Amino acid sequence: MKWENWLSIDWQQVIGISLSAIGFYAGLMLFTRLMGLRSFSKLSSHDFAMTVGIGSILASTVLSDEPSLLQGLFAVAILFLIQGVISVVRRKIKPLKSLIDNQAIILMAHGEYLEDNLKEAKLSTSDVQEVLRKNGIKARTEVFAVIMETTGDMSVIKSNDVEPDHALFDDIRDSELLLGSIKK
């Protein structure tokens, strides 16, 4: 390895990187204004893929001559367009929503681990315990539910005296495990 190459930069590169970064940033702001803030949300796996894709295009566009700034912005515009189409399809054609999105899954209900669901999610009880600790849970009896959301994030819902709203859980696989004994 040539250390002098690793630690060097010339003024042309500084100017090129600066102009590319400014142009790319301006383009991202424009696309985000046109398509809305959902563009960078992490509501589903395709949103996450969009964010990773934009990051990759940003890195290659800003740090090298190829692709050019316009090529990079065009690629990002296509990603925004694809995400917009997928978002419309998810909202308008319900049967396709299940093909596009993962479904949330219950990992723990009423303080008890659901081993089959943990196995399906490829998680261990230790993974869930870490999330419980991060959420200030001191005992499993405090837990109404731990849900792995469509994005892979885990939601911890504490037990309390408030009766659960069924509508908040009806899109979760195995929701009957949470509400079965409560439903009327």
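Just above sits the structure.
Starting from 1, residues in each chain are numbered consecutively following that chain's sequence as written. Selection of residues for local features in this predicted model requires a pLDDT of at least 70, selection of side-chain atom pairs for listing and counting requires 80 or more, and totals for whole chains, interfaces and linings are taken over all residues. With hydrogens and water set aside, each side-chain value is computed from the structure's full complement of heavy atoms.

1. Points about the nonpolar core
We define a nonpolar core as any set of buried Ala, Val, Leu, Ile, Met, Phe, Trp, Tyr and Cys residues linked to one another through side-chain atoms lying within 4.5 Å. Relative accessibility under 20% of the residue-type maximum defines a buried residue, over 50% an exposed one, and the middle range a partly exposed one, all with a 1.4 Å probe and only protein chains included. Core analysis: the largest hydrophobic core is formed by 13 residues, its most contacted members being Leu 107, Met 108, Val 128, Leu 132 and Val 146. Secondary structure follows DSSP: runs of H or I at least 4 residues long count as helices, runs of E at least 2 residues long count as strands, and numbering of each begins at the N terminus. Taken together, the elements giving at least two residues each to this core come down to β1 (105-109), α7 (125-134) and β3 (143-148). We call two residues in contact when some of their heavy atoms are within 4.5 Å. Residue contacts for Leu 107: discarding those within four places in its chain leaves Glu 112, Tyr 113, Leu 114, Asn 117, Leu 118, Ala 121, Leu 123, Val 128, Val 146, Met 148 and Met 154.

2. Structural notes on the packing of helix α2 (residues 11-35) against helix α3 (residues 45-63)
Across the interface, α2 lies against α3 with an axial gap of 8 Å and an inter-helix angle of 150 degrees. With respect to α3, the axis of α2 lies roughly antiparallel. Together, Ile 17, Ser 20, Ala 21, Phe 24 and Leu 28 of α2 and Ile 54, Ile 57, Leu 58, Thr 61, Val 62 and Leu 63 of α3 make up the contact between the two elements. Amino acids outside the nonpolar list (Ala, Val, Leu, Ile, Met, Phe, Trp, Tyr, Cys, Pro) and the charged list (Asp, Glu, Lys, Arg) are all regarded as polar, and Gly is one of them. When grouped by side-chain class, the residues that make up the contact of α2 with α3 number nine nonpolar, two polar and no charged. To get an axis, a line is fitted to the C-alpha atoms, and for a helix only the part in contact is used. The angle between two axes follows their N-to-C directions and goes from 0 to 180 degrees. The cut-offs work like this: below 35 degrees is roughly parallel, past 145 is roughly antiparallel, 65 to 115 is roughly perpendicular, and the gaps in between are oblique.

3. Some points on the pairing of β1
Consecutive side chains of a regular strand alternate in pointing toward one face of the sheet and then the other. Most of β1 sits out of view: five of its five residues are buried. Relative to strand β2 (residues 112-113), β1 runs antiparallel, the two sharing two bridges. If you follow Met 108 over to β2, its bridge partner there is Tyr 113. Pairing between two strands is assigned when DSSP locates at least 2 bridges connecting them. Between β1 and the antiparallel strand that follows it, β2, lie two residues; His 110 among them carries a positive phi value of about 50 degrees.

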